[in-house]
Amino acid sequence: MTPQKRLVAYFTMEIALENDMPSYSGGLGVLAGDTIRAAADIRLPMVAVSLLYRKGYFTQVLADDGSQSEEAVEWKVEDFLTEEPARVTVPLENRRVELRAWRYDAKGVRGFEVPVYFLDADLPSNAERDRNLTGSLYGGDPYYRLCQEVLLGIGGVRMLRALGHTELARYHMNEGHAALLTLELLGEEAERNGRESIRGEDIEKVRSKCVFTTHTPVPAGHDRFPMEFLTRAFPEQRDFLDLQDASSAELLRRVLQAETNFPGLQEAAKRGASVNMTHLALNMSMYVNGVAKMHGEVSRRMFPQVPIEAITNGVHAATWTAPSFQATLDRYIPTWREDNYSLRSALGLPQEEVWSSHLLAKHELFEEVHKKTGLQLDPDVFTIGFARRATGYKRADLILSDLDRLREISKNAGKFQIVFAGKAHPNDGGGKELIRKIFRAKKALKKSVQVVFLDNYNMEVGGKITAGVDLWLNTPQFPLEASGTSGMKAALNGVPSLSILDGWWVEGHIEGVTGWAIGELRHSGDESLDNAADAESLYDTLEHVILPMFYNERHKYLTVMQHAIAINGSFFNTQRMVQQYITDAYIR
């Protein structure tokens, strides 16, 4: 398919595409990769844009006490990506920053390809500070971050034009990081009409092309920059908005979250106004969504002035299903890769096949554990998995709240072991302390509950854990789990969840059928925190329901495993998710 026929441009700050290609520990990049693979599978004419990061990736190194340090990862871009000949320039202060693009083709199950373009400023024509703008996702100060978003949004649109993508109907912004693409589209509309300033008709035309997905209720996911940063970055754009036009003045007021209109951009900067990138994206999009039904409710409370829908996330089924389960599904449900809905037929899989596939995945995980830690876990012992980015609100330590209780459960209900993994952001002291706390509990529980922590969490390690454990544990602080996808990956492999009723699990949970809930269903506005009550619910269900079923009524546990695949695996996948974006956002 020629470039001119691509209809959807998908913008994101990070994309994780291959196990060997470095990526950060956050889930947004992994979700973006899964989305692009699903778009290729269903032959959606999409093109994706991100930034190329040469630095900032790290190997997690853990000391004996769990203290995390980081070692930089070196990688050769040309081993994974192909350089495009096109070049574009982006204005920044009084300079022109030159960009090139590196291409990756994501190939779908039927051979269709979605091109992914990584923007790169590391060119000899640029000053050293500009060459470093595509150095590290989490590097630099807030102004550095804004400049990166200029390259992604404005540079991304210009690069798409240079590569021949001129008939794009939708621009999908993931988080506010790409929101500045709307300014480039506005500039194109004004130029098309022989004007230099933006008016209401330009805003409406651009708004009709844009889609925005907000992925988190956590404030760090919503960038705010002083207006002074923008006037510094674009000193020649003082009259970009025609503030005599009511629509333009109202747009500026909404983006700045100001009570009154400003006479000009420079005056807004002088008065200390700040630009909220989320509000720019919200007000420049004809469709806005959260990433789960509960998150949609939370987002509507956060941004009540904008209609916000919900499209629940998914994962790419073929990517996250273990080889042993892939072989079983290929035999019994041969269409599952092309048609993820057909996974509902997993209810008819022979239970002995489900169990043998699971044991092979468990063996793969335990081999990884032995390779990384030297420990040999017992495959007959019930194994709990928890692998998320190590940060406070995800509460990896909730299960470790009462070590004496864990010892009693292991003694009275059945032995169990726990596999943890997760990187802390280099600057997240709380996340690093969380890992140390797990190591302290590991030492204290050694004689009764085996605890392991796998270092250097990445897609490969994450895939082995989600497929190889017997139970997936998820304990985020309500209501901060926008969606969560790790439990979806587990479900594809017949691994049920024990989880807080937040994010996707509100929709995927059927008590005792697809897994189990920690605590009760709560209202989206309830932000109370009761760690003790959540821990007690976790312990009670583990002791009195899950372990007895696993050890004493294995056939019932296998039925839950089958339902996890048939109900959750068949729905919570990016194939369904992308199809919903098509009908709800792309062709409306």
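Residues numbered from 1 in each chain as written. Predicted model: local features only at pLDDT ≥ 70, side-chain atom pairs only at ≥ 80, totals over all residues. Heavy atoms only, no water.

1. Overview of the pairing of strand β4 (residues 68-72)
Phase 1 of the analysis: Direction of pairing for strand β3 (residues 58-62) relative to β4: antiparallel, over a ladder of five bridges. Pairing of Phe58 across the sheet is with Ala72, part of β4.
Phase 2 of the analysis: The antiparallel hairpin formed by β3 and β4 contains five residues in its connecting segment, where Gly66 sits at a positive phi of about 90 degrees. (Pairing = 2+ DSSP bridges. Helix = DSSP H or I, 4+ residues; strand = E, 2+ residues; numbered from the N terminus.)

2. Quick notes on the sheet that holds strand β19 (residues 515-518)
Phase 1 of the analysis: In space, the six strands of this open sheet follow the order β16-β15-β14-β17-β18-β19, with parallel pairing throughout. The sheet is open, and its two edges are formed by β16 (450-454) and β19, each paired on a single side. Here the strands of the sheet are splayed against their neighbours by 20 degrees on average, with no regard to which way each runs.
Phase 2 of the analysis: Strands β14 (382-387), β15 (416-421), β17 (471-474), β18 (497-500) and β19 of the sheet are contacted by helix α19 (residues 531-552), whose axis makes an angle of about 160 degrees with β19. (Axes fitted to C-alpha atoms, helices over the stretch in contact; angles between N-to-C directions. Contact = heavy atoms within 4.5 Å.)

3. Some remarks on the pattern of salt bridges
Phase 1 of the analysis: On inspection of all chains with the given rule, the structure shows 43 salt bridges.
Phase 2 of the analysis: Here Glu481 makes a salt bridge to Arg388, at a shortest N to O gap of 2.9 Å. Pair noted here: Glu481 is in the loop between β17 and α17 (486-492) and Arg388 is in the loop between β14 and α14 (403-412), with a separation of 93 residues, a long-range link.
Phase 3 of the analysis: Residue classification places Arg388 among the buried positions, given a relative accessible area of 10%. (Salt bridge = Lys/Arg side-chain N within 4 Å of Asp/Glu carboxyl O. Buried < 20%, exposed > 50% of the residue type's maximum accessible area, 1.4 Å probe, protein only.)

4. Some points on the nonpolar core
Phase 1 of the analysis: Formed by 112 residues in total, the largest nonpolar core has its most connected members in Phe11, Leu81, Phe118, Leu181, Met227, Leu256 and Tyr586.
Phase 2 of the analysis: Broken down by element, the residue count for this core peaks at 11 residues, all from helix α3 (residues 142-162).
Phase 3 of the analysis: In this view, Leu181 contacts Phe11, Gly153, Ile154, Val157, Tyr171, Met173 and Cys210; residues no more than four positions away in its chain are not counted. (Core = buried A, V, L, I, M, F, W, Y, C linked by side-chain atoms within 4.5 Å.)

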